[in-house]
Amino acid sequence: MSGGPYRRANVGGVSVDLRSDTVTRPTSGMRQAMAQAEVGDDVYREDPSVRALEEHVAGLLGHQAALFVPSGTMGNFCALRASAPAGTEIVADVDAHIVTYELGGLAALGGVQTRTLTGLADALDLAEVAAQLRAFPGGQTYNMIRTSVLAVENTQVRAGGRVWALDRLERLRVITDQAGVVLHCDGARLWNAAVALGVPPGRLGEIFGTLSVCLSKGLGAPVGSLVVGDADLVERAREWRKRLGGGMRQAGVLAAAGLYAVRHHLERLADDHRRAGELAELLADVAPGRVHPELTETNMVLVDVPDAHAFAGRAAAGGVLVGTVGPTTARIVTHLDVDDAAVSRAGGVLAPLLRELPPLPR
Ligand SMILES: *Cc1c(COP(=O)(O)O)cnc(C)c1O
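Note that the structure is predicted; figures quoted are calculated from it, not measured. (Residues numbered from 1 in each chain as written. Predicted model: local features only at pLDDT ≥ 70, side-chain atom pairs only at ≥ 80, totals over all residues. Heavy atoms only, no water.)

### Comments concerning the sheet that holds strand β3 (residues 89-93)
- Strand order in this open sheet of seven strands is β2-β8-β7-β6-β5-β3-β4, and the pairing throughout is mixed. Lying at the two open borders of the sheet, with one neighbouring strand each, are β2 (65-69) and β4 (113-117). For this sheet the average axis-to-axis angle between neighbouring strands, irrespective of direction, equals 20 degrees.
- Here helix α3 (residues 72-83) sits on the sheet and contacts β2, β3, β5 (147-153), β6 (182-187), β7 (210-214) and β8 (225-229); the angle it forms with β7, its principal contact strand, is near 175 degrees. (Pairing = 2+ DSSP bridges. Helix = DSSP H or I, 4+ residues; strand = E, 2+ residues; numbered from the N terminus. Axes fitted to C-alpha atoms, helices over the stretch in contact; angles between N-to-C directions. Contact = heavy atoms within 4.5 Å.)

Laid out in structure tokens, this is it:
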């Protein structure tokens, strides 16, 4: 599939790296696309490869425009801040990436407050969500903060790559439209959600006012994300990108990798999902209750262990790298650089470690 001269040999005795889908390296085909990319100065909007990527992704997601940015964190920030004036609030799930893993950028750099809800993705009644949006149809009060954006995450990383139900998203869009609130999607892994649901990415894209999508997760590009929305929104996001220092010059070499990834690595995400599912089944067999195959909807497997760091250390000693998302939760992620053989090697290391753990109380 992706061998060739650029493939890195195993490093430090590590045979399988399942910490994240960000660890992939560009394939030979992708590097060829990068080497051949036409470039120009993208701050002057003269890089044809960046423009091609932006147009392609905007079209794929059913929106007018897109903007190439260096990271998903910057993509979320630019998209959100383009809709959320300072002094307004963004409502999001308590476990959202924008709340947990972006170093408080919305507050620190954006002057925006986040308000978190528990169970936004599946547990919380939608009438309750609607009631939480501070929309002021009768005119704003003199002291109450206004909700500018409702942000959802699909797939949801801290829930182990769970996928939102389409109808729940659609009902949220009705609710946010009624409230005059923008519905944003942190779609770092929107591609995985679309593949898991068996729908084209545009079916999900059209539900949202704005999106941020990553090229450097499951799609396997080395760098980059896009902000997606209507043309005005994307122009405002472009200002924020420049303000943050994210305006790039001959970025076409990176955009070419991204375009290659979107064109060649989207459908294969189904393989990652299948492998994660197989691993989840195997591990659930040896450690019932610690792994939940029924919750493994995309490319992640969460493992409930007494001490996640200790577990990750023992796995690493066996040549398998896993991540941790909490003191008692380890995370396994399948991706472009792990094939069936690698997943089966990982199972051979992880299953005995799980078997040693005390059984969970029933
Ligand atoms: C990875 C990720 C991002 C952005 O990450 P960067 O590392 O900044 O590219 C945003 N949201 C979610 C859900 C992610 O998993």
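### Quick look at the side chain of R238
- Here R238 shows up in helix α10 (residues 231-243).
- Ignoring sequence-local partners within four residues, the contact set of R238 consists of D42, R45, E54 and L67.

### Some thoughts on the UniProt feature "modified residue: N6-(pyridoxal phosphate)lysine" (unreviewed entry) in the protein chain
- Residues annotated by UniProt as "modified residue: N6-(pyridoxal phosphate)lysine" (unreviewed entry) correspond here to K217.
- With respect to the helices and strands, the residue K217 is situated in the loop between β7 and β8.
- Owing to a relative accessible area of 14%, K217 belongs among the buried residues under this scheme.
- Excluding residues within four positions of it along the chain, K217 makes contact with D21, T22, T24, A188 and R189. (UniProt positions renumbered as here; feature names shortened; annotations may be inferred. Buried < 20%, exposed > 50% of the residue type's maximum accessible area, 1.4 Å probe, protein only.)

### Regarding the domain arrangement of the protein chain
- According to the domain assignment, the protein chain consists of domain 1 (4-21 + 268-355) and domain 2 (28-264).
- Its C-alpha centre places domain 1 at a distance of 28 Å from the equivalent point of domain 2.
- Around 1,700 Å² of area is buried between domain 1 and domain 2 when both sides are counted, 53% of it from carbon and sulfur atoms.
- Where domain 1 touches domain 2, the interface holds two salt bridges.
- Across the pair D21 and R189 runs a salt bridge, and its minimum N-O distance is 2.8 Å.
- When residues of the side of domain 1 that touches domain 2 are traced back to their parent elements, those giving at least two are α12 (269-286) and β9 (300-304).
- At three residues, α12 tops the list of elements feeding residues into the side of domain 1 that touches domain 2. (Domains from an automatic or database assignment. Buried area = accessible area lost by both parts, 1.4 Å probe. Salt bridge = Lys/Arg side-chain N within 4 Å of Asp/Glu carboxyl O.)

### Details of the site of the ligand
- In the vicinity of the ligand, the contacting residues are S71, G72, T73, N76, H97, E102, E153, V157, D186, A188, R189 and K217.
- Contact between the ligand and D186: a nitrogen atom at 2.6 Å from a side-chain N or O atom of the residue.
- Here an oxygen atom of the ligand and a side-chain polar atom of R189 are 2.8 Å apart.
- Taking 390 Å² as the accessible area of the ligand by itself, protein coverage stands at 83%. (Near = heavy atom within 4 Å. Polar contact = N/O pair within 3.5 Å; in protein donor to acceptor, adjacent residues only side chain to side chain. Areas by Shrake-Rupley, 256 points an atom, 1.4 Å probe, with all protein chains shown as cover.)

### What about the packing of helix α1 (residues 28-36) against helix α11 (residues 252-264)?
- Contact geometry of α1 with α11 gives a least axis separation of 8 Å together with a crossing angle of 140 degrees. If you check the angle between α1 and α11, you find them oblique. Regarding α1 and α11, the two cross each other, and that crossing is right-handed. Contacts between α1 and α11 involve G29, M30, A33 and M34 from the first element and V253, L254, A256, A257, Y260 and A261 from the second.
- The residue inventory of the contact of α1 with α11, partitioned by class, reads nine nonpolar, one polar and no charged. (Parallel < 35°, antiparallel > 145°, perpendicular 65-115°, else oblique. Left-handed = near helix turned anticlockwise from the far one by under 90°. Nonpolar A, V, L, I, M, F, W, Y, C, P; charged D, E, K, R; others polar.)

### Examining unusual backbone geometry
- With an omega of 0 degrees, the peptide bond between N154 and T155 qualifies as cis.
- Tracing the backbone through its elements, the reader meets T155 in the loop between β5 and α7 (166-179).
- Phi is positive for R45, which is not a glycine, with a value near 65 degrees.
- Tracing the backbone through its elements, the reader meets R45 in the loop between α1 and α2 (48-60).
- Backbone geometry at L103 places phi at a positive 55 degrees, although glycine is not the residue there.
- With respect to the helices, strands and loops of the structure, L103 is situated in the loop between α4 (97-100) and α5 (105-108).
- Taking the relative accessible area as the measure of exposure, L103 reaches 86% and is therefore exposed.

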